[in-house]
Each structure stands twice: as structure tokens, then as C-alpha cells.
Amino acid sequence: MVAKGDMVYAWSTDAEILKKGELGGAVTSLQKFALESGTVDAVLAVKKGQDLYDAVPTLITDPAKLVDTAGSLHCGTLLLARPIKKYLSGNDRKIGVTVKGCDMMALLELERRGSINLDNFVTIGLNCGGSVSAVNARKMIADKFGVNPDDVHKEEIDKGQFIIEYGDEHKGISIDELEEEGYGRRSNCRRCKYKIPRNADLACGNWGVIGPKAGKATFIEVCSDKGADLLNKAVAAGVLQTEAPIEKGIEIRGKVENAMLKLGEKWRRNDFKALGKDLWGTIQNETSRCIKCYSCIENCPVCFTVADELRGDSRMIASGEVPPNPMFHLRRFAHISDTCINCGQCEELCPMDIPLALFSHAIRAEGDMAFEPKLGEASYNNK
Ligand code: FAD
Ligand code: SF4
Ligand code: SF4
Ligand code: SF4
């Protein structure tokens, strides 16, 4: 039996899930068990679409279909918060959901705004070193790996390398090297510090799995009583096996997490510095390319309360003007300045490639520094 705060190695007893799962297939088995046992009515997870660069959210009510969601898609830059707000809020259905750190932060923000009730969700968190945008990944694989992106049948990020498998071959290049040349993880992911999502019910990953189970089991940290209950029941039902983690593995996991947090801090300093001395001037210059498509508003998990005010002929913004008056952006930035979670959706989905997440992250970090300073943290004026 596990309790909140415990850690285990876990793996699925279902051969198909074990084979298709990223490591031990524990996440998929837990979701499947939650559905079969009636703990949840549906599971929201992510599955491969057209190819491995295409990550698609999927709502599953048939447990047999959960195996389709097994495996990690590192080019899956999607955020599940907006589909949850749009389709799954406002009723009492219980939902199991797989979340990266940014997904979980977005769900907490939705709850804070009264849009969802987290009591209705079982959140299975994934540790996250970062994701790579699909367009960038295809270009990186062609330019740096010299491989046709359509020939790749598996990608993974392991031991600091981006690794691809194609035909019978595989090739890995260090993420540091890729990022020095402008490839690799999204810029918001480099600055991200939600590496182990301890605010979910369970936090699952590969860091810390060493010894005979390396690559074959999922490291689970139990983060809530709800998470402990699900894991205990799944083990009792025989869908998962667990064993105590190797002490050295726990230590390694802690060291990797710390190294990732320091790297996030390094990227914050780097990126905030690159904004130059005149942040507002840089913002005005970059946003002058805006075509007012509203994608940054539609896809932001925290930006919906002013969305209507920024549409049409509101008091703030005249219709039919492109680029919009700078107030379009300033009002949005002001409104999210204390809550931007640096999820990157605005930037990822802006058709004009405006570095919006960097701007909102810099503004948020500046606010944090002014009102909740933490020793040594980077902000725009402290880099
Ligand atoms: P599986 O049973 O294979 O289940 C995988 C689950 O992940 C499924 O529910 C699937 O829907 C979901 N999923 C797949 N892709 C995405 C996506 N892009 N966004 C949201 N959900 C998705 N672990 C570490 O310890 N260190 C890391 O640096 C790390 N980086 C990661 C980066 C990304 C982008 C992702 C998606 C995962 C990362 N993980 C990392 C977690 C790790 O790859 C495994 O997902 C985890 O160990 C669970 O393994 P499993 O075999 O139990 O999962
Ligand atoms: Fe992962 Fe953080 Fe990037 Fe989200 S923002 S995909 S949690 S690294
Ligand atoms: Fe403008 Fe980009 Fe936002 Fe569209 S997504 S409204 S182009 S800033
Ligand atoms: Fe995410 Fe951009 Fe909204 Fe910040 S402003 S929460 S980075 S979509």
C-alpha cells in the first residue's frame, strides 16, 4: 500500500500496453483501470494523429481504446485546458486526464476562475523536460540528422539527447548542441520549471529508474490521497506491479530535477536579456505584425475574461484595423500579467511568429519579482 509522498517503480501487467507504453505503460494502465472501475466516466489523453508530429487530444469512454494513447509524443505541444473548459466543464462527469506540468498549472488556473471543479478530475502527471514544435522538429531532423522526417517511426528525449529511430537505425544528438543552433525544445519549455508535476494526483516519469527496471518501469511519485487510492486499487486489481525504487535512483532523480531547474533559470536570464533595454518598445515593434486573428486569446488558458472586450467594436479596440491598436496587446498582457503560466500556446499558434509567450512570461516574472521575490530568480530587470 502506498500513501501520499511515497515513490514506486510501476509497470503494466497488460502485454500490449507494456509494449506500446513509453516505459512501463503505468500511466495507460492506471487510466484504463480508472475507467473500468468507474472511478472516472471518461479519460482525456493524447494519441498519435497523422504521424508522430501530430498529437491529438482524445476523449475515451471505451477502456479497450486506451492502448491507442500509450507512448510519449515529444512534438505534442498541445495544452488540454481549453478543450476541458470548452467541452468538459459545467457537469459532474468524472474525468481522468494525463497532464504535463503546464496542463496542470492551467487546470489550477481554470479552477481558480470557477470554470472547473478539480474534485471531478483525476490528474496523472508526466514529468516533462520539454516539447519540440512539430514544424521545428521536422526541420531539425532534415537539417541536423540528415534524415527524412517522414521516415522516423519513433522519437524520444533521453539522457540529454533527442533521439530518432528510422528503419533499423537510430541517431541521437545532444539537446544542448541542437539548442545552441536554434533547434530543440520550444523557448517557453527551456524556461519552464514545472518539471515534476507534484500538484497532480500522481507524477510519472523515467528519471530515477535504474538497475534491472531501467527503461521498463515508470517512476511514480504519489502526490495526493486520491492518487494513492487509485494506485493501491490498480495494484490490488492486478493491472499494475510495483516495487520500491532503488535509493540511488531517487537521488539521481533529485539531481536531474535540480539540473533542469537551473537550466530553466539560465534560459530565463538569457531570453529576458535578449529582450533589450526597452521591453515596451520591443513588444510594440514585434506586435506590429499582428493580423488580429485572435488565436493567442482563443488558446490561452488564462486569458478568456477579456476576450469579448477585445473583439469587434469594443470600447478598447476598433474593428477593421490591422495591425490593431497597441492597446489590443497591452490590455491582454496587463490582464494576464499575474497568471501567465508560460505554457507557450499563444506563441506556438501565432501565425505571425510573434514571441508572445516570452513577453507575457517576462511581464509575469517581473510581477513575481516585485511582489513575491524569490532569492536568485530571474526577471526582466534582474537577469
Ligand atoms: P504511457 O503508458 O506510455 O502513457 C503515456 C501518456 O502520455 C498517455 O496518457 C498519453 O496520452 C500521454 N501523452 C503522450 N504525449 C503527450 C503530450 N505531448 N502531452 C500530454 N500527454 C501526452 N519523463 C521524465 O522523467 N523526464 C522527462 O524529461 C520527460 N519529458 C517528457 C516530455 C514530454 C513531452 C512527454 C509527453 C513526457 C515526458 N516524460 C518525461 C514522461 C515520460 O516520457 C513518460 O510519459 C512517463 O514516464 C510515463 O510512462 P508510461 O510508460 O507509464 O506512459
Ligand atoms: Fe513541458 Fe513545461 Fe514545456 Fe509544458 S511548458 S511542455 S511542462 S516543459
Ligand atoms: Fe495577433 Fe498573433 Fe495574437 Fe493572431 S495570434 S491576434 S496574429 S498576436
Ligand atoms: Fe500560455 Fe501565452 Fe496564455 Fe501565458 S499568455 S498562459 S504563455 S497562452
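The shown structure was predicted, so the numbers you read here are calculated from the model rather than taken from an experiment. (Residues numbered from 1 in each chain as written. Chains lettered and ligands numbered in written order. Predicted model: local features only at pLDDT ≥ 70, side-chain atom pairs only at ≥ 80, totals over all residues. Heavy atoms only, no water.)

(A) Structural context of the pairing of strand β9 (residues 202-205). Judged by which residues are buried, β9 turns out to be covered on both faces: L202 and C204 on one side and A203 and G205 on the other are all buried. Pairing between strand β5 (residues 121-126) and β9: three bridges, direction parallel. By the bridge assignment, G125 is partnered in β9 with A203. (Buried < 20%, exposed > 50% of the residue type's maximum accessible area, 1.4 Å probe, protein only. Helix = DSSP H or I, 4+ residues; strand = E, 2+ residues; numbered from the N terminus. Pairing = 2+ DSSP bridges.)

(B) The pattern of salt bridges, seen in detail. Summed over the entire model, instances satisfying the criterion amount to 25 salt bridges. Between R191 and D271 there is a salt bridge; the shortest N-O distance is 2.9 Å. Within this pair, whereas R191 is found in helix α7 (residues 187-191), its partner D271 is found in helix α9 (residues 247-274), the two being separated by 80 residues in sequence. The same class applies to R191 and to D271, which are both buried. Overlapping salt bridges bring together R198, E221, R253 and E257 as one network. (Salt bridge = Lys/Arg side-chain N within 4 Å of Asp/Glu carboxyl O.)

(C) Spatial organisation of the packing of α9 against helix α14 (residues 356-371). Running from amino to carboxyl end, α9 crosses α14 at an angle of 105°, the nearest separation of the two axes being 11 Å. Here α14 runs roughly perpendicular to α9, going by the angle between their axes. On α14, the residues that touch R268, D271 and F272 of α9 are L358, H361, A362 and A365. Residues belonging to the contact of α9 with α14 are distributed by class as follows: four nonpolar, one polar and two charged. (Axes fitted to C-alpha atoms, helices over the stretch in contact; angles between N-to-C directions. Parallel < 35°, antiparallel > 145°, perpendicular 65-115°, else oblique. Contact = heavy atoms within 4.5 Å. Nonpolar A, V, L, I, M, F, W, Y, C, P; charged D, E, K, R; others polar.)

(D) Examining the site of ligand 2 more closely. Taken together, K100, G101, C102, C128, G130, S131, R186, N188, C189, C192, K195 and N342 are the residues near ligand 2. Of all elements in the fold, only α4 (101-112) and α7 reach the threshold of two or more residues within the shell around ligand 2. Here the shell around ligand 2 is composed, by residue class, of four nonpolar, five polar and three charged. (Near = heavy atom within 4 Å.)

(E) Summary view of the sheet that holds strand β1 (residues 7-12). Here we have eight strands laid out as an open sheet, ordered β3-β2-β4-β5-β9-β10-β1-β11, and mixed in their pairing. Each edge of the open sheet is held by one strand with a lone partner, namely β3 (55-60) and β11 (240-243). For this sheet, the mean inter-axis angle between neighbouring strands, taken without regard to orientation, is 30°. Here β1 pairs with β11 via four bridges, running antiparallel. Counterpart to W11 in the pairing with β11 is Q241.

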